[in-house]
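# Inside the fold
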Amino acid sequence: MRSIATCYSEHAIKVSDSYCSGPSRRAYLSPNLIPSVPNSVSCIYKADLSSQKHLLLTLTWCNNFMGQGFTINVCNSNISSPSKLELRDSIGSKTFQSGSSRIEVFWDLSNAQFDNGPEPTQEFYIIVLVDSELSLFLGDIYNDEQLLQVKKLKSETPSTKFSLISRCEHYSGTAVCSSKVQFCDGGTAHDILIKCSGEEEGSRNPVLSVSIDRRKIFTVKRLRWNFRGNQTIFLDGLLVDMMWDLHDWFFKEGNTGFAVFMFRTRSGLDSRLWLEEKNFKQKGNDLIMDDQFSLLICARKTPD
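Structural notes, computed from the coordinates. (Residues numbered from 1 in each chain as written. Predicted model: local features only at pLDDT ≥ 70, side-chain atom pairs only at ≥ 80, totals over all residues. Heavy atoms only, no water.)

## Re the pattern of salt bridges
The cut-off we apply is this: Only one rule defines a salt bridge in this text: a Lys or Arg side-chain nitrogen within 4 Å of an Asp or Glu carboxyl oxygen. Summary of the burial criterion: residues with accessible area below 20% of their type's maximum are buried, those above 50% are exposed, and those between are partly exposed, where the area comes from a 1.4 Å probe applied to protein chains only. Helical segments are the DSSP runs of H or I of at least four residues, strand segments are the runs of E of at least two, and each set is numbered from the N terminus.
Scanning the model with the defined rule gives eight salt bridges in all. Between Glu 169 and Arg 167 there is a salt bridge, and its shortest N-O distance comes to 2.6 Å. Residue Glu 169 is classed as buried on the basis of its relative accessible area of 2%. Of the charged contacts, one joins Arg 228 and Asp 245 as a salt bridge, the two residues approaching to 3.0 Å between their closest N and O atoms. Here Asp 245 lies in strand β18 (residues 238–245) and Arg 228 lies in strand β17 (residues 228–235), a separation of 17 residues in the sequence. The network of salt bridges with common partners includes Glu 119, Arg 167 and Glu 169.

## Quick look at unusual backbone geometry
Backbone geometry places Asp 131, a non-glycine residue, at a positive phi of 50°. As for its placement among the helices and strands, Asp 131 is situated in the loop between β10 (125–130) and β11 (133–139). Overall, Asp 131 belongs to the partly exposed group, its relative accessible area being 35%. Of note, the phi angle at Asp 213 is positive, near 55°, even though the residue is not glycine. Tracing the backbone through its elements, the reader meets Asp 213 in the loop between β15 (207–212) and β16 (215–220). For Asp 213, a relative accessible area of 30% gives the class partly exposed.

## Looking at the pairing of β16
Selection criterion: The criterion for strand pairing is that DSSP finds at least two bridges linking the strands in question.
Relative to β16, β15 runs antiparallel, the two being bridged by five bridges. Residue pairing across strands places Ile 212 opposite Arg 215, the latter belonging to β16. Between the antiparallel neighbours β15 and β16 lie two residues, among them Asp 213 with a positive phi of about 55°.

## Some points on the packing of aromatic side chains
Short version of the rule: Only the six-membered ring of Trp is used, alongside the rings of Phe and Tyr, when aromatic pairs are assigned; centres must lie within 6.5 Å, and planes under 30 degrees apart are stacked while those over 60 apart are edge-to-face, with the rest tilted.
Scanning the entire structure with this criterion turns up nine aromatic pairs. Taken together, a centroid distance of 6.2 Å and an interplanar angle of 90° make the contact between Trp 61 and Phe 124 edge-to-face. Placement of Trp 61 in strand β3 (residues 54–64) and of Phe 124 in the loop between β9 (120–122) and β10 is noted, with a sequence separation of 63 residues between them. As far as burial versus exposure is concerned, Trp 61 and Phe 124 are alike and both buried.

## Observations regarding the sheet that holds β11
Applicable threshold: A fitted line through C-alpha atoms represents every axis, and for helices the fit uses only the stretch in contact; the resulting angles, taken between N-to-C directions, go from 0 to 180 degrees. We call two residues contacting when some pair of their heavy atoms lies within 4.5 Å.
Spatial strand order, β6-β7-β10-β11: four strands in an open sheet with antiparallel pairing. The open sheet has two edge strands, β6 (91–98) and β11, and neither has a second partner. Taking each pair of neighbouring strands and ignoring which way they run, the sheet shows an average axis angle of 15°. Pairing analysis gives six bridges linking β10 to β11, with the strands arranged antiparallel. Opposite Ile 127, over in β11, you have Phe 137 as the bridge partner. On the sheet, helix α3 (residues 144–156) packs against β7 (101–108), β10 and β11 and is oriented at approximately 20° with respect to β10.

## Section: the layout of surface pockets
Our working definition: Two kinds of site are reported from a 1 Å grid over the protein atoms alone, namely cavities, where a 1.4 Å probe fits but cannot get out, and pockets, open sets with protein on both sides within 12 Å along at least five of seven lines, and residues are called lining when an atom falls within 4 Å of a point. Grid points are joined across faces, edges and corners, and a volume is the space filled by probe spheres set on the points. When residues are sorted by character, Ala, Val, Leu, Ile, Met, Phe, Trp, Tyr, Cys and Pro go into the nonpolar class, Asp, Glu, Lys and Arg into the charged class, and all the rest, Gly among them, into the polar class.
Of the voids in this model, the largest pocket is the one considered here, and its volume is about 1100 Å³. Lining of the largest pocket is provided by 38 residues; of these, Glu 119, Thr 121, Arg 167, Glu 169 and Lys 180 occupy positions nearest its centre. Elements with a contribution of two residues or more to the lining of the largest pocket: β2 (38–48), β3, β9, β11, β12 (161–172), β13 (176–182) and β14 (189–197). In terms of residue count, the dominant contributor to the lining of the largest pocket is β12 (six residues). Here the lining of the largest pocket is built from residues that sort into 21 nonpolar, nine polar and eight charged.

## A short note on α3
What counts, and what does not: Expected span of a helix: the number of residues minus one, times 1.5 Å. This arc corresponds to the set of directions leading from the helix axis out to the C-beta atoms.
The end-to-end C-alpha separation of α3 is 18 Å, in line with the 18 Å expected for 13 residues at 1.5 Å each. Among all positions of α3, only Gln 146, Val 150 and Leu 153 are buried. Buried residues of α3, viewed axially, fall in a sector of 60°; they line one side. Among the exposed residues of α3, those pointing more than 90 degrees away from its buried face are Asp 144, Glu 145, Leu 148, Lys 151, Ser 155 and Glu 156.

## Describing the sheet that holds β16
The antiparallel open sheet is built from four strands, whose spatial order is β13-β14-β15-β16. Only two strands of the sheet have a single partner each, and these edge strands are β13 and β16. With strand direction ignored, the average angle separating the axes of adjacent strands in the sheet is 20°.

Structure below.
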């Protein structure tokens with residue numbers, strides 16, 4: 001008897017299938033369509049502490065009129081609102097309290113390198129300790145002094161299991177968005193390109209196209225009628241639901257409409273698209289986020 005996951009995967013678009021992805025030499029992006037640059041990126045990490053506490057650490061990178069910087073929010077089920085720390089110095093350390101937990105943050109962005117957007121790609125690090133336990137480590141090390149500091153912190157503190165469970169990217173200008181995402185721990189990082197434009201059939205008939213790893217996966221025509229919809233993709237052995245909502249992009253008055261694109265992994269045991277209330281589950285007295293990964297992309301017509 002076949003598994004439920006196998007049955008669902010048969011009806012999903014398989015990224016590796018040549019019939020749906022097209023020739024690999026096909027142009028990935030027209031020179032006339034330049035992807036928007038994200039102005040903020042938020043990543044939510046779930047940290048499972050040795051004390052059995054479950055924390056959500058939200059790291060938000062932003063780039064606005066006040067300059068470049070990041071904020072850290074710490075939330076658990078025992079506090080009604082998250083504790084927030086905003087940081088704009090390129091290097092330093094901070095300590096603050098979140099409920100009954102003591103949070104220590106160490107960072108160095110003085111020589112950080114960026115591709116597009118506010119999120120650094122290399123030559124930086126961020127370390128978060130929760131009650132003297134290493135709960136988050138991001139970045140790389142690029143000099144001996146920092147390497148020694150990080151090794152000292154990692155050797156003197158127990159290590160928490162943490163994982164990225166959600167990523168949200170905000171763009172402005174056009175609904176042409178390019179992102180790189182890893183849908184599961186240890187999985188491959190995939191290039192995702194979403195185009196909502198009239199390039200193929202003219203501006204009067206905009207088309208939505210989604211490409212993964214430089215291969216077109218599917219297109220949706222007559223978007224003014226099909227402004228909401230969903231598609232299931234089979235990728236890395238996972239079912240990934242994609243949902244789009246372009247209603248405000250087309251029909252909201254003025255020039256401030258949003259286009260929203262959502263991806264989320266799904267267990268083969270789930271018989272329908274994910275719902276927001278299913279993101280959390282009860283474990284004893286704690287309310288914790290489940291292990292499914294989600295990606296949210298918001299494109300706005302005008303800059304923030």
